[in-house]
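Spelled out, the chains give:
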There are 2 protein chains.
Amino acid sequence: SGRSTSPTLYGNRGMSLEEDLQESNQYYLIQNIAVVHKKPTPIQIVDVHYPKRSAAVIKEAYFKQASTTDFNGVYKGRYIDFEAKETKNKTSFPLQNFHAHQIQHMQYVVKQNGICFVILMFSSLNEIYLLPAEKLFYFWERKESGQRKSITKTEVEENGYLIPIGYQPRIDYIKVINEFF
Amino acid sequence: SGRSTSPTLYGNRGMSLEEDLQESNQYYLIQNIAVVHKKPTPIQIVDVHYPKRSAAVIKEAYFKQASTTDFNGVYKGRYIDFEAKETKNKTSFPLQNFHAHQIQHMQYVVKQNGICFVILMFSSLNEIYLLPAEKLFYFWERKESGQRKSITKTEVEENGYLIPIGYQPRIDYIKVINEFF
Ligand SMILES: [Mg+2]
Ligand SMILES: [Mg+2]
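Procedures and definitions
Numbers given to residues run from 1 along each chain, matching the order in which its sequence is written. Whichever chain is written first is A, and whichever ligand is written first is 1; the rest continue in order. Side-chain atom pairs in this predicted model are given and counted only at pLDDT of 80 or more, local residue features only at pLDDT of at least 70, and totals for whole chains, interfaces and linings cover all residues. To get the side-chain values, take all heavy atoms of the structure and skip hydrogens and water. Any two residues whose heavy atoms approach within 4.5 Å at even a single point are treated as in contact. By buried area we mean the combined loss of accessible area, with a 1.4 Å probe, across both parts when two parts are placed together. Any carboxyl oxygen of Asp or Glu that lies within 4 Å of a side-chain nitrogen of Lys or Arg is treated as forming a salt bridge with it. The definition of a polar contact used here is a pair of N or O atoms within 3.5 Å, where within protein one atom must be able to donate a hydrogen and the other to accept one, and adjacent residues in sequence count solely through side-chain atom pairs. Counting from the N terminus, the helices are the DSSP runs of H or I reaching at least four residues and the strands are the DSSP runs of E reaching at least two. Type-normalised accessible area, obtained with a 1.4 Å probe on protein chains alone, sets the label of each residue: buried when under 20%, exposed when over 50%, and partly exposed for intermediate values. Strands qualify as paired when DSSP identifies two bridges or more between them. Sodium, potassium and calcium take a 3.2 Å donor cutoff, other metals 2.8 Å, and in both cases only N, O and S atoms count; water is not among them, so sites may look incomplete.

Q: Quick one: what's the story with the interface of chain B and chain A, residue by residue and with numbers?
A: Every contact between the two is made by 38 residues of chain B and, on the other side, 38 residues of chain A. Taken together, the two surfaces of chain B and chain A that pack against each other cover about 3,100 Å², and 66% of this comes from carbon and sulfur. Its largest share of buried area at the contact with chain A, chain B owes to B:I58, B:Y108 and B:Q112, together 21% of the area lost on that side. Our count for the chain B to chain A interface comes out at 0 salt bridges. Inspection of the region where chain B meets chain A yields 13 residue pairs in polar contact (both at pLDDT 80 or more). Counting residues per element, the ones that place at least two in the side of chain B that touches chain A are α2 (17-30), β1 (35-38), β2 (43-49), β3 (57-63), β4 (71-75), β5 (78-87) and α3 (100-111) of chain B.

Q: Before we move on, can you summarise the pairing of β5(B) with the specific residues and values?
A: All names here are of chain B. Across the 10 residues of β5, 8 count as buried, placing the element largely inside the fold. Two elements, β4 and β5, share 5 bridges in a ladder whose sense is antiparallel. Its bridge partner being in β5, Y75 is matched across the sheet by R78. In this structure, the hairpin formed by β4 and β5 is closed by a connection of 2 residues, where K76 is found at a positive phi of approximately 50 degrees. Summarising the sheet, β5 and strand β7 (residues 115-122) pair through 8 bridges and their orientation is parallel.

Q: Which residues make up the coordination of the magnesium ion (ligand 2), and what values go with them?
A: All names here are of chain B. The protein atoms donating to the magnesium ion (ligand 2) are D70 (OD) and E83 (OE), with metal-donor distances spanning 2.3 to 2.4 Å. Here the residue D70 occupies a position in the loop between β3 and β4, and E83 occupies one in strand β5, the gap between them amounting to 13 residues. Both residues of the pair, D70 and E83, belong to the buried class.

Q: With reference to specific residues and values, describe unusual backbone geometry.
A: Residues and elements named next belong to chain A. A cis amide bond links Q168 with the next residue in sequence, P169, at an omega value of 0 degrees. As for its placement among the helices and strands, P169 is situated in the loop between β10 (161-162) and α6 (173-180). In this structure, N32 is a non-glycine residue whose phi angle is positive, near 55 degrees. Structurally, N32 can be placed in the loop between α2 (17-30) and β1 (35-38). Phi is positive for R53, which is not a glycine, with a value near 60 degrees.

Spatial relationships are all this shows, so hold off on functional conclusions.
This is the structure:
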């Protein structure tokens, strides 16, 4: 993540949402706009070998479910925390993409007055929205109460903010934070 | 980390600095005082097997050096970021415990107005200090310029804050932040 990416990549192929966000974060970092990093994937390590004269090798490990969101950092002294998800659907965003403990974590962050949100990408539409955590909680509760398991596209438009997609940064979510938080 | 720890543990054995901090963070979380987590250890995954009907198994992976600090989170809306280290020395704290890219990360955080510091434990003395990042930078630069490779105990005392050690939370670093930041 410390390496700069060649500009030609963008013209030639679609990068993943996560790569685009990491590139955006790298831009924010270098420009002294914000310091945001993706957390490492949590791993349960079971067996490690320590060969002589070379690096330790993990021989058995498993992916653990993350207990928090993927991204966090600082913008003008304020704490920022978010999760990013994408869907190929065009008319709604499925809520099963989120886990109960991620929602719980976001509730803790909001109580502590952090800036907390989700980035929702409709990849078939090439549209990316920032939805504040408080709005997500409403739709999550609706699902938990047995009602619809997704957020309609219209609801995302009405409760979220369209994030400008550009060249540098690729996904300018700080611009939205700056305007609306 | 989501599980509560038995209180009897503390009377019976010394926990590690990291465990003590995780316990303190869990206390802050439950009491709605702050939301701070340790980041997962970064791992470079080389080979993963996907057995039928069971979880993916990582068969070859390596430890990567962390490019940021270990702990971050939010306190009253403010971003908190720190690294924790211990030494058995009684008269000085060795600076080789820190890596150049961690210092670089802390410099970015300070520029972005985050609350940034290190927690330094003198384990033989049972004393734990909070040293603000700006002070650490001074001693780091001194080392980089070819002078002493450690911070003397007296310098830690004069530039840092003694953190109260107690029962719950075990290491009350938020109390220091609340008073001095
Ligand atoms: Mg995720
Ligand atoms: Mg560390």
